[in-house]
Structure formats: structure tokens, C-alpha cells
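Structure at a glance
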Amino acid sequence: MEKVYIFDTTLRDGEQAPGFSMTSEEKLQMALQLARLGVDVLEAGFAAASKGDYEAVKLIAQEVKGPVICSLARALEKDIDLAAEALAPAERKRIHTFIATSEIHMRYKLRMSPQDVLERAKRAVSYARRYTDDVEFSCEDATRSQREFLYRVIEEAIKAGATVINIPDTVGYSVPEEFAQLIEDIRNNVPNIDKVIISVHCHDDLGLAVANSLMAVKHGARQVECTINGIGERAGNAALEEVVMALKVRKDFFGDLYTSINTKEIYKTSRLLCRITGSFVQPNKAIVGDNAFSHESGIHQHGVLSNPLTYEIMNPEDVGFPSSRIILGKHSGRHALKKKLQQMGIEVSEAELERIFEKFKELADKKKEIYDEDLEALVYEEVMKL
Ligand code: KIV
Ligand code: ZN
């Protein structure tokens with residue numbers, strides 16, 4: 001059995017997307033849940049990006065045990081110093097440094113020559129190694145980079161001490177077969193590549209982030225960078241829940257690979273992110289959408305009642321999805337409310353339940369049916385905001 005490491009970047013790439021920014025406290029709440037979910041690496045932020053990001057990385061480094069805590073840093077000494085400072089309290093830490101390697105990024109964004117980019121990458125990795133022996137290096141826009149140059153930068157980053165080499169499809173341009181071939185080619189052309197972990201980081205501009213990540217795994221990548229609900233820059237990143245469940249459900253295709261994710265925590269984690277950001281996933285979202293395990297048509301309902309496997313390729317309980325949908329209205333009591341909250345992954349004290357129940361009754365008098373989103377808003381008002 002070989003492990004595929006799950007690197008969660010919900011709190012860095014995910015949080016960078018419009019409408020998804022979080023306070024340090026909210027990030028901490030999310031980070032604690034990501035640790036319960038079992039992510040291997042938790043990218044807590046980009047310490048040099050802002051004071052708030054620095055504080056959030058530091059807070060998570062202090063409070064969250066289990067995953068390796070990571071901060072992003074440009075290939076600049078001042079960024080790496082700030083990342084290291086913020087990560088200092090962590091039990092296990094990683095510095096993730098990056099620089100763009102594509103012609104278009106080097107010319108128009110960095111205004112640097114390829115030779116200077118190569119030198120900067122080497123210097124950044126060896127500088128980061130002064131702080132930790134766990135250093136990840138990313139070639140930003142790898143999929144649009146000139147091949148020989150890409151191999152060269154990776155080779156030098158490994159020589160300088162990188163332990164993980166990340167291949168981002170920064171603009172979500174690649175397609176699965178091509179991305180798989182890129183991973184194969186890197187494995188066949190870069191000296192000592194077998195001494196490091198190959199990671200992939202795919203964006204979803206063409207809706208291919210998960211497919212690209214999975215094909216990369218099939219061809220030797222052993223770390224996947226992903227986010228809860230697939231949030232991230234523009235169209236987002238590969239969705240963690242989809243990558244993990246595809247590897248689990250399709251072992252026949254992917255072989256004896258495993259992740260350390262406790263899949264029963266997936267739904268809870270997805271809902272927590274929705275509550276914190278106020279942004280909900282579409283009903284048909286794979287794995288965590290409201291309709292992911294719903295059956296509406298008579299033929300499907302009949303099939304599922306006879307044998308769930310007729311129309312369900314995984315068990316809803318395996319991802320912590322509530323199996324029976326309790327409908328709440330003005331006649332519902334405390335017991336049903338408590339059960340419903342538990343199904344939604346929300347644990348509250350008796351005193352909190354009382355407060356939520358009171359508000360719930362007020363709302364139920366005004367609305368026919370209380371939806372999960374209504375309840376989540378109540379919990380947020382009555383419990384999380386305190
Ligand atoms: O998309 C990207 O290239 C990134 C890197 C910083 C890893 O987010
Ligand atoms: Zn990214």
C-alpha cells in the first residue's frame with residue numbers, strides 16, 4: 001500500500017478567492033477541523049501577504065497538532081523569514097516557496113531572465129532549509145513552462161534541498177492525458193526525482209482539476225494539493241473530497257493507494273466551511289452537495305430501496321452525510337432539533353440548544369419549513385459569534 005499525501009490549501013489558495021476571506025479565529029476553527037479530517041499538510045496561509053495572514057499562520061502553528069503546518073513564501077529571503085517566524089511554534093513545519101517558470105510569467109510578471117529565476121529558486125530553497133528540513137518548491141505555471149527549463153529548475157531545487165517538488169497547473173490549462181505525461185516525463189528526465197515527493201496543484205478553469213490530479217497520481221505523484229469544496233483562485237482548486245473519494249471508491253483503477261483522510265469527517269468539514277464563509281455549494285456538487293445522495297425519480301427510488309448499490313457508488317455514511325433527512329417545522333421539538341444538528345455535524349451544549357431552540361421556534365412560526373441553511377445561520381448567530 002502506498003500513501004498519497006493530502007496537502008490542504010483551503011486556508012491559503014482557497015481563502016485567496018473573492019468572498020472566502022476568513023478571520024484568524026475562523027481560520028483556526030477550520031484548521032482544527034482539518035486536523036480532525038486527517039490532512040497531512042495544512043497550508044495555513046501566506047505569512048508575508050498581510051499582518052492578518054501572518055497572525056493566522058502563527059495561531060494555527062501554536063494551536064493545531066497533527067498535520068505539518070505550512071506557509072507559502074515567494075522565493076525571497078524576507079518572505080521566507082516571515083514564514084519561518086510565523087511557523088516557529090509548530091511541532092512540524094514546512095516552508096513552501098515558489099517562483100514562476102513559464103516564459104509569459106518570467107517576462108511579464110517577474111521581469112526576470114530564466115537564468116535569474118533559476119538562481120533565485122536555488123537560493124530560496126537553500127535559505128528555507130536553514131529553518132526546516134521540510135521544504136517544498138513549486139514551479140508556478142509549470143504546465144506552460146518550457147520543458148528543458150522546467151527540468152533544470154526542478155533538478156537545481158532538489159540539489160538545494162527541496163524535499164517536495166510541486167507541479168502546479170496554475171491556470172487550469174492542462175488536460176488529463178497531457179498532465180499525466182508531464183509527470184511521467186519529469187520522473188524520467190530529472191535526476192534524483194525519486195528522492196523527493198512529487199506533488200500536484202491543479203486549478204479548475206476547465207473543470208479538470210480533479211481529473212488532472214488523479215491522473216497525476218496514477219502516474220506517480222504522491223501528494224495532492226486541494227481544498228474543501230474546491231474553493232480557490234478563479235474557478236478554484238481540486239476538491240479534496242472528490243480526490244479522496246475517487247481514490248477510495250476506485251481502488252480497482254488506482255491500485256493500492258491510500259490517504260489518511262477520515263472520510264466520515266468530510267461532510268462536517270464542508271458544512272463548517274460553508275457556515276464560516278457564508279458561501280454554500282451547489283446542490284449537485286459531488287460528494288457534499290444536498291442532492292449528492294438524493295433520489296427523486298420513481299425508478300431510482302425503487303432501485304435504491306431494493307439495493308442501494310443500484311444507484312449509489314458509495315455509502316453516504318462513509319462521508320458523514322446525514323442518511324435520513326429530518327424535516328423541521330413549527331411542530332418539531334427539542335429532540336428533533338438536536339438530532340438534526342448532530343446529523344449536520346453540529347454539537348452544541350444543552351444551554352446552547354435551548355437558545356437555538358427558542359430562535360428556531362420564532363422562525364418556524366414565520367416559515368413553512370426550516371432548511372439546513374436557516375439552522376446554520378441560527379447556530380452561527382447564537383453560538384459561533386459569541
Ligand atoms: O496555483 C499556483 O501555482 C499556486 C502556487 C503558489 C503553488 O498556488
Ligand atoms: Zn494555486
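All values reported here derive from a predicted model rather than from experimental measurement.

This next bit is on the pairing of strand 6 (residues 135–140). Counting buried positions along strand 6 gives six out of six residues, so the element sits mostly inside the fold. Going residue by residue along strand 6, you find Val135, Phe137 and Cys139 tucked away on one face and Glu136, Ser138 and Glu140 tucked away on the opposite face as well. By the bridge criterion, six bridges tie strand 5 (residues 93–100) to strand 6 in an arrangement that is parallel. The residue bridging Ile95 from the neighbouring strand is Val135, located in strand 6. Note: strand 6 against strand 7 (residues 164–169), three bridges, orientation parallel. Bridging from a neighbouring strand, Ser138 pairs with Asn166 of strand 7. The handedness of the strand 6 to strand 7 crossover, carried by helix 7 (residues 147–160), is right-handed.

This part is about the site of ligand 1. Lining the immediate environment of ligand 1, one finds Asp13, Leu72, Phe98, Ser138, Glu140, Asn166, Pro168, Thr170, His201 and His203. Counting residues per element, the ones that place at least two in the shell around ligand 1 are strand 6 and strand 7. When grouped by side-chain class, the residues that make up the shell around ligand 1 number three nonpolar, five polar and two charged.

Here, the residues flagged by UniProt with the feature "domain: Pyruvate carboxyltransferase" (unreviewed entry) are residues 4–267. End C-alpha atoms of residues 4–267 are separated by 21 Å, and the span's content is 46% helix alongside 18% strand.

The next point concerns the sheet that holds strand 5. The eight strands lie next to each other as 2-3-4-5-6-7-8-9, forming a closed barrel whose pairing is parallel. If you compare each strand with its neighbour and ignore which way they point, the axes differ by 25° on average. Where strand 4 (residues 68–74) and strand 5 come together, six bridges link them in parallel fashion. Note that in strand 5 the partner of Ala73 across the bridge is Thr97.

Moving on, we get to the nonpolar core. Core analysis: the largest hydrophobic core is formed by 99 residues, its most contacted members being Ala44, Ile69, Val224 and Val243. If you tally residues by element for this core, the top one is helix 9 (residues 209–218), at seven residues. Among residues more than four places away in sequence, those in contact with Ile69 are Leu42, Ala44, Ile60, Ala61, Val64, Leu87, Ala90, Arg92 and Lys93. If you look at the next biggest cluster of nonpolar residues, it comprises 10 residues, including Leu328, Ile356, Phe360 and Leu378.

It is worth spelling out unusual backbone geometry at this point. Unlike most non-glycine residues, Asp141 shows phi in positive territory, near 60°. Among the secondary structure elements, Asp141 is positioned in the loop between strand 6 and helix 7. A residue is classified by how many C-beta atoms lie within 10 Å of it, and Asp141, with 23 of them, is buried.

Structurally, Lys248 is set in helix 10 (residues 240–249). Lys248 sits in the partly exposed class, given 17 other C-beta atoms within 10 Å. Considering only alpha carbons, one finds Lys248 and Tyr258, 10 residues apart in sequence, at a separation of 7.1 Å.

Time to look at helix 14 (residues 334–343). Along helix 14, the residues that are buried comprise Leu337, Lys340 and Leu341. Viewed end-on, helix 14 has its buried residues packed into an arc of 100°, placing them on one side of the element. Facing away from the buried side of helix 14, by more than 90 degrees, are the exposed residues His335 and Gln342. Phi turns positive, to about 80°, at Gly345, one or two residues after helix 14.

Procedures and definitions
- Residues numbered from 1 in each chain as written.
- Chains lettered and ligands numbered in written order.
- Predicted model: local features only at pLDDT ≥ 70, side-chain atom pairs only at ≥ 80, totals over all residues.
- Buried ≥ 20, exposed ≤ 12 C-beta atoms within 10 Å, placed from the backbone.
- Helix = DSSP H or I, 4+ residues; strand = E, 2+ residues; numbered from the N terminus.
- Pairing = 2+ DSSP bridges.
- Right-handed = clockwise from strand over helix to strand, strands pointing away.
- Near = placed C-beta within 6 Å.
- Nonpolar A, V, L, I, M, F, W, Y, C, P; charged D, E, K, R; others polar.
- UniProt positions renumbered as here; feature names shortened; annotations may be inferred.
- Axes fitted to C-alpha atoms, helices over the stretch in contact; angles between N-to-C directions.
- Core = buried A, V, L, I, M, F, W, Y, C linked by C-beta atoms within 7 Å.
- Contact = placed C-beta atoms within 7 Å.
- Arc of directions from axis to C-beta.

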